[in-house]
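Here's the letter readout for the chains.
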Amino acid sequence: MASPGSPVVLGIESSCDETGAGLVRDGRLLGHAVASSMDEHARYGGVVPEIAARAHVHSLTPVVRRALDEAGLTMADIGAVAVTTGPGLSGALQVGLAGAKGLAYGLGVPLYGVHHLAGHVAADTLEHGPLPDPCMVLIVSGGHTSLLLVRDLARDPIVHLGDTLDDAAGECFDKVARVFGLPYPGGPAIDRAAREGDPKAVAFPRPLTGPRDDPYGFSFSGLKTAAARWAERHAGQELPVADGAASLQEAVADVLTRKAVAACKEHGVRTLVVVGGVAANSRVRSLAEERCQAAGITLRVPPLRLCTDNGAMIAAVGDLLVRAGAEPAPLNLSIDPSAPLEYAALHPVARAAQAVA
Ligand code: KG4
Ligand code: ZN
């Protein structure tokens, strides 16, 4: 039974291939569970939207139940529901939103739509407490590479400093891993292979790091092509995968951390938060640590289980919104698969219903 105070917020995440449910109250993680359809996508080398959506239908209820069990709570203890409404795969988002609406309506509790990237930002608060205002956030995942200047996550607009022009950092790892003959998802496989390799073996490019380039823009498709060309040059011989993986990882980590630290210096920000699946990368972590320390910047990286997609991070945003007194979403809340990041709360309303109103 939950004690009185702030309500327990249930967070639901279903934007890609992970079905997540998490329970948060007053900034504290009470329990969470994740089911992944990753294995079902592996033979296609990437996420198949229809397979992901169907997997969410199967997993949503069991995942919510597991999160409640872990927290020692029941449905009746849920005081608010937060759900990812974008960005993400349309069918996948629909399943989570339908489930969240059903729960909020059935329980008679408020509903909040949450921007997926704001969820990644908030994940760190569950481990390291409230974020300082301001802080710099580097989001690096399979779908995103973004630099954000964050103030009060629940109240203030999020300043989007830069993005990738093409592939995301994780996507680059995933695609190059395929060329190197490593399994999907490629990021962890590259990380493992790199342990035995020499990061200086191949001089891969450092895209968009020239004096005239956008200091906060990223581009990884040229790097991906360079890695593919390097692999092609070894046709007929054994590919030195470890050296290739270590050199690629070094190039990605170098660009990411260089730009993130420069953004902190430029904006006078003393805290860098690195989140998203690629924050799990051992070289991204160690180089970020090294460069932040040299620049007098505090580095925060959430633990691995909170770095990849999960429901706890969505509950964390919901909890911040509830405590900030944010307006709940109407029940005709809709998804926005390509939602721009402006505010943590993402409350697009179904167009048909808007036209009637
Ligand atoms: O945040 P996430 O779980 O899902 C998205 O929203 O995309 O990130 C998944 C991405 C994948 O591209 C995966 O290869 C990458 O994170 N990743 C890693 C590592 N672990 C996961 N990349 C590099 N090194 C890792 N250790
Ligand atoms: Zn994500």
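Quantities reported herein were computed from a predicted structural model and do not represent experimental measurements.

Overview of the packing of helix 8 (residues 221-232) against helix 9 (residues 241-266)
- The N-to-C vectors of helix 8 and helix 9 enclose an angle of 165°; their axes lie 11 Å apart at closest approach. Classified by the angle their axes make, helix 8 and helix 9 are roughly antiparallel. Seen along the crossing, helix 8 lies across helix 9 with a hand that is right-handed. Between helix 8 and helix 9, the residues in contact are Leu-223, Ala-227 and Trp-230 and Gly-244, Leu-248, Ala-251 and Val-252, respectively.
- Looking at side-chain class alone, the contact of helix 8 with helix 9 contains six nonpolar, one polar and no charged residues.

What to know about the site of ligand 1
- Around ligand 1 there are 20 residues in total, and Gly-142, Asp-174, Asp-191, Gly-277 and Asn-281 lie nearest to it.
- Backbone polar atom of Gly-170 to an oxygen atom of ligand 1: 3.2 Å apart, as the coordinates give it.
- At 2.7 Å, a side-chain N or O of Asp-174 approaches an oxygen atom of ligand 1.
- In isolation ligand 1 has 560 Å² of accessible area, and contact with the protein removes 88% of it.

What about the pairing of strand 9 (residues 271-275)?
- When you tally the buried positions in strand 9, you get five out of five residues, the bulk of the element.
- On strand 9, burial covers both faces: Thr-271, Val-273 and Val-275 on one face and Leu-272 and Val-274 on the other are all buried.
- Note: strand 6 (residues 135-140) against strand 9, four bridges, orientation parallel. Residue Ile-139 lies in a different strand from strand 9, and its bridge partner there is Val-275.
- Note on the crossover from strand 9 through helix 10 (residues 282-295) to strand 10 (residues 298-300): the handedness is right-handed.

A closer look at the coordination of the zinc ion (ligand 2)
- Distances from the zinc ion (ligand 2) to its protein donors, His-116 (NE2), His-120 (NE2) and Asp-309 (OD), fall at 2.0 to 2.2 Å.
- Of note is the zinc ion (ligand 2), whose four donor atoms meet at the metal with angles of 90 to 139° in an arrangement that counts as irregular.
- Overall, His-116 belongs to the buried group, its relative accessible area being 4%.
- Taking relative accessible area as the criterion, His-120 reaches 1% and is therefore assigned buried.

Observations regarding the packing of helix 7 (residues 186-194) against helix 9
- Running from amino to carboxyl end, helix 7 crosses helix 9 at an angle of 115°, the nearest separation of the two axes being 7 Å. Classified by the angle between their axes, helix 7 and helix 9 sit roughly perpendicular to one another. The chirality of how helix 7 crosses helix 9 is left-handed. On the side of helix 7, the interface is formed by Ile-190, Asp-191, Ala-193 and Ala-194, while helix 9 contributes Val-241, Ala-242, Ala-245, Ala-246, Leu-248 and Gln-249.

The rules behind each value
Residues numbered from 1 in each chain as written. Chains lettered and ligands numbered in written order. Predicted model: local features only at pLDDT ≥ 70, side-chain atom pairs only at ≥ 80, totals over all residues. Heavy atoms only, no water. Axes fitted to C-alpha atoms, helices over the stretch in contact; angles between N-to-C directions. Helix = DSSP H or I, 4+ residues; strand = E, 2+ residues; numbered from the N terminus. Parallel < 35°, antiparallel > 145°, perpendicular 65-115°, else oblique. Left-handed = near helix turned anticlockwise from the far one by under 90°. Contact = heavy atoms within 4.5 Å. Nonpolar A, V, L, I, M, F, W, Y, C, P; charged D, E, K, R; others polar. Near = heavy atom within 4 Å. Polar contact = N/O pair within 3.5 Å; in protein donor to acceptor, adjacent residues only side chain to side chain. Areas by Shrake-Rupley, 256 points an atom, 1.4 Å probe, with all protein chains shown as cover. Buried < 20%, exposed > 50% of the residue type's maximum accessible area, 1.4 Å probe, protein only. Pairing = 2+ DSSP bridges. Right-handed = clockwise from strand over helix to strand, strands pointing away. Donors = N, O, S within 2.8 Å, 3.2 Å for Na, K, Ca; no water. Tetrahedral: all angles 85-135°; square planar, octahedral: opposite > 155°, others 65-115°.

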